[in-house]
Amino acid sequence: MKSCKHDVLTLVKTKDNKLRCRHCHLIITEDELGRSCCPECLETHKISRRDFEKITEEQGNNTRYCCDSCGMVVEY
Ligand SMILES: [Zn+2]
Ligand SMILES: [Zn+2]
């Protein structure tokens with residue numbers, strides 16, 4: 001298999017904002033949560049809570065690109 005030079009790159013947008021429940025500290029993505037309340041608090045305490053703090057990913061300023069030729073995801 002030839003090695004790919006990753007010439008054709010498409011920017012991959014990472015939109016997995018994470019949230020942490022202030023009560024049970026469950027970490028959930030905004031997508032998973034949707035419009036519902038914290039599933040852990042509901043399960044354990046039978047209380048519907050929507051008290052979350054946003055977690056900012058500490059991964060530096062790496063931007064991810066997806067190679068159109070081989071499909072590999074590369075970071076810069
Ligand atoms: Zn490639
Ligand atoms: Zn919770």
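Within every chain, residues take consecutive numbers counted from 1 along the sequence as written. Following the order in which they are written, the chains are lettered starting with A and the ligands numbered starting with 1. Note on the predicted model: pLDDT of at least 70 is required for a residue's local features to be given, and 80 or more for side-chain atom pairs to be given and counted; whole-chain, interface and lining totals, by contrast, use all residues. As a rule here, side-chain values come from all non-hydrogen atoms in the structure, and water together with hydrogens is ignored.

Engineer: Just to check I follow, could you spell out the sheet that holds strand β5 (residues 64-67) for this structure?
Structural biologist: Backbone-to-backbone hydrogen bonds join strands into a sheet, with any given pair of strands oriented parallel or antiparallel. Taken together, 3 strands build an open sheet; the order of strands is β1-β5-β6 and the sheet is antiparallel. For this open sheet the edge positions go to β1 (9-12) and β6 (73-75), each flanked by a neighbour on one side alone. Here the strands of the sheet are splayed against their neighbours by 35° on average, with no regard to which way each runs. Two strands qualify as a pair provided that DSSP identifies no fewer than 2 bridges between them. Secondary structure elements follow DSSP: runs of H or I no shorter than four residues count as helices, runs of E no shorter than two count as strands, and numbering proceeds from the N terminus. Sheet topology places β5 next to β6; 3 bridges connect them, and they run antiparallel. Each residue of the ladder has a partner; that of Cys66, found in β6, is Val73. Every axis in this analysis is a line fitted to C-alpha atoms, fitted for helices over the stretch in contact. Angles between the N-to-C directions lie between 0 and 180 degrees.

Engineer: Sorry if this is basic, but what is going on with the coordination of the zinc ion (ligand 1) here?
Structural biologist: Within the protein, the atoms that donate to the zinc ion (ligand 1) are Cys4 (SG), His6 (ND1), Cys67 (SG) and Cys70 (SG), at distances of 2.0 to 2.4 Å. Taken together, the 4 donor atoms coordinating the zinc ion (ligand 1) and their angles of 103 to 114° define a geometry best described as tetrahedral. Only nitrogen, oxygen and sulfur atoms within 2.8 Å of the metal, or 3.2 Å for Na, K and Ca, are treated as donors, and water is left out, so sites may look incomplete. Sequence positions of the residues that donate to the zinc ion (ligand 1) give the spacing C-x1-H-x60-C-x2-C. With His6 in the segment before β1 and Cys70 in the loop between β5 and β6, this residue pair connects regions lying 64 residues apart in the sequence. A site with four donors is called tetrahedral when every donor-metal-donor angle falls between 85 and 135 degrees; four donors are called square planar, and six octahedral, when opposite donors sit more than 155 degrees apart and all other angles fall between 65 and 115; any other arrangement is irregular.

Engineer: Is there a simple way to explain the coordination of the zinc ion (ligand 2) in this structure?
Structural biologist: Each pair of donors in an ideal octahedron of six around a metal sits at 90 or 180 degrees, and each pair in an ideal tetrahedron of four sits at 109.5 degrees. The protein atoms donating to the zinc ion (ligand 2) are Cys21 (SG), Cys24 (SG), Cys38 (SG) and Cys41 (SG), with metal-donor distances spanning 2.2 to 2.4 Å. Between the 4 donor atoms coordinating the zinc ion (ligand 2), the angles at the centre fall across 102 to 113°, so the site counts as tetrahedral. Counting the intervening residues between successive donors of the zinc ion (ligand 2) yields the motif C-x2-C-x13-C-x2-C. Placement of the pair is Cys24 in the loop between β2 (18-21) and β3 (27-29) and Cys38 in the loop between α1 (30-33) and α2 (39-45), with a sequence separation of 14 residues. Note on exposure labels: buried denotes an accessible area under 20% of the residue type's maximum, exposed denotes more than 50%, and partly exposed covers the range between, all computed with a 1.4 Å probe on protein chains only. Accessibility expressed as a relative area gives 25% for Cys24, which makes it partly exposed. The exposure class of Cys38 is buried, given its relative accessible area of 0%.

Engineer: How should I be thinking about the pairing of β2 in this particular structure?
Structural biologist: For a regular strand, side chains alternate in direction, first toward one face of the sheet and then toward the other. The side-chain alternation of β2 yields one buried face, formed by Leu19 and Cys21, and one unburied face, formed by Lys18 and Arg20. Pairing geometry for β2 and β3, over 3 bridges, is antiparallel. Across the sheet, Arg20 pairs through a bridge with Ile27, a residue of β3. Hairpin remark: β2 followed by β3, antiparallel, with 5 residues in the connecting loop; positive phi at His25, about 65°. Relative to strand β4 (residues 52-55), β2 runs antiparallel, the two sharing 4 bridges. Counted as the bridge partner of Leu19 is Lys54 from β4.

Purely geometric stuff here, so don't read any function into it on its own.
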